[in-house]
Amino acid sequence: MAQSPTRSTGFSGSSQAATGRAYPNGNPALGYNPPGVRNTDSAVPLHRSKPVMHDYACDGPAAGSLSFRWTYGSNVAAKNRDPRVQVVQYNEDTFVLRQNACVHWEAPFTYLLFGNKGALLIDTGATANAAHYPLRQTVDAIIARWAKARGRSKVPLTVALTSAEDIAQNQGLVQFADRPDTTIVPKPLALMQKAYGIANWPSGTGRIDLGDRVITVIPTPGTHKDGVSFYDPYCDLLFTGDLLFPGKINIGNDTDFVASLERLKAFAAANPVKWLLGGHIEMMFVPGKYYPRFATFKPYERVLEMTPNLIDEALEAARAVQGKDMMLIRPDFVLFNGVSPDQRTPIWPEGVPNIRAPHPF
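Let us look at the structure shown here. (Residues numbered from 1 in each chain as written. Predicted model: local features only at pLDDT ≥ 70, side-chain atom pairs only at ≥ 80, totals over all residues. Heavy atoms only, no water.)

## A look at the packing of helix α4 (residues 254-270) against helix α5 (residues 310-321)
Item 1. Running from N to C, α4 and α5 point in directions that differ by 160 degrees, and their axes come no closer than 9 Å. With respect to α5, the axis of α4 lies roughly antiparallel. Crossing of α4 over α5 shows left-handed handedness. Residues Asp254, Phe257, Val258, Leu261, Glu262, Leu264, Lys265 and Ala268 of α4 lie in contact with α5, whose contacting residues are Ile311, Asp312, Ala314, Leu315, Ala318, Arg319 and Val321.
Item 2. Here the contact of α4 with α5 is composed, by residue class, of 10 nonpolar, no polar and five charged. (Axes fitted to C-alpha atoms, helices over the stretch in contact; angles between N-to-C directions. Helix = DSSP H or I, 4+ residues; strand = E, 2+ residues; numbered from the N terminus. Parallel < 35°, antiparallel > 145°, perpendicular 65-115°, else oblique. Left-handed = near helix turned anticlockwise from the far one by under 90°. Contact = heavy atoms within 4.5 Å. Nonpolar A, V, L, I, M, F, W, Y, C, P; charged D, E, K, R; others polar.)

What follows is the structure, given as structure tokens:
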């Protein structure tokens, strides 16, 4: 004789335990699931009469997670089978994308932010060929899914660069040249300054309004003449590109570099900053050690995010190398001023633990 599934009331605190029957999704006899109830996605009704508007004003940074591991390439790039573009959803309106290190060794990051009136893509990676690096295809898929959840027929996209001079971040721009509903911030400095509404370069600031999520554009030359950083007041994130990231920072003009870090320090003092997010990771998880150029296998990387107090440390280090042709190792970054990015030093800096890094093979 077939027996009805039962559950032990001794191990369950639910009211359903008393019925003596097991209903994995609830007992309809108890009235918790009346007829006509519909499912929802992200607490937003699937059937809506108008687009969903999001409130980007919040007390403190919007919640988000970076608790994951980035793909780290392979010794033999041709055998790598990881996604060519890794996509991580920081929160419902913020995405972090990384180019596969086996497609390009610099493995740059790009960032996709959404507002009520449009989206912003910060940087475009190091490879133009969409067959090798399908950035536009990936971005289009994210936008289409986001638009469906928010009930929108189209989402205008703005594509901006932390530096048009930075080859590792501007090559994918050509993939968006013919994209509908897309604004590409022009590369020439004067036109870029006008597009952002920066009255005075580099002391002023500009803005990109995504619809109730207004991104501040901060001129930060130093590694590049046209360098800018972007600040998102919704998540309290500061996107610093090549100016400050966990890696080998090649200073183009040390006077501008110091001034830009001073500008960022003042900005961070006046505005809450949760994380600095740069354009690359080159440091290992042990202090002061980094991967060489052209490495496509980086299994022991440092995390991407940097705390805002590192602006002070970078400023102190920048002042130490100003006017000198030298490299300076710090735990979370290395400065190269007037020397080759392959420069080495026999001098290990005082105060930085000299830990032997694991061999990646």
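## Thoughts on the environment of Ala190
Item 1. On the secondary structure map, Ala190 appears in helix α3 (residues 189-196).
Item 2. For the pair Ala190 and Trp201, spaced 11 residues apart in sequence, the C-alpha separation works out to 9.3 Å.

## Focus: α4
Item 1. Here α4 spans 24 Å end to end across 17 residues, near enough to the 24 Å set by a 1.5 Å rise per residue.
Item 2. Looking at α4, one finds that the buried residues are Asp254, Phe257, Val258, Ser260, Leu261, Leu264 and Phe267.
Item 3. In the core, the buried residues of α4 are packed alongside β10 (214-219), β11 (228-232), β12 (237-241), β13 (248-251), α5 and β16 (334-337).
Item 4. Where α4 begins, the side chain of Asn253 points an oxygen toward the backbone nitrogen of Thr255, at a separation of 3.1 Å. (Expected span 1.5 Å × (residues − 1). Buried < 20%, exposed > 50% of the residue type's maximum accessible area, 1.4 Å probe, protein only. Polar contact = N/O pair within 3.5 Å; in protein donor to acceptor, adjacent residues only side chain to side chain.)

## Some remarks on the nonpolar core
Item 1. Counting residues in each nonpolar core, the largest one holds 51 residues, and the members touching the most others are Leu112, Phe114, Val139, Leu157, Tyr196 and Phe230.
Item 2. Here this core gets six residues from one element, more than from any other, and that element is helix α1 (residues 135-150).
Item 3. Residues Leu238, Val273, Leu276 and Ala314 belong to the second largest nonpolar core, which totals 26 residues. (Core = buried A, V, L, I, M, F, W, Y, C linked by side-chain atoms within 4.5 Å.)

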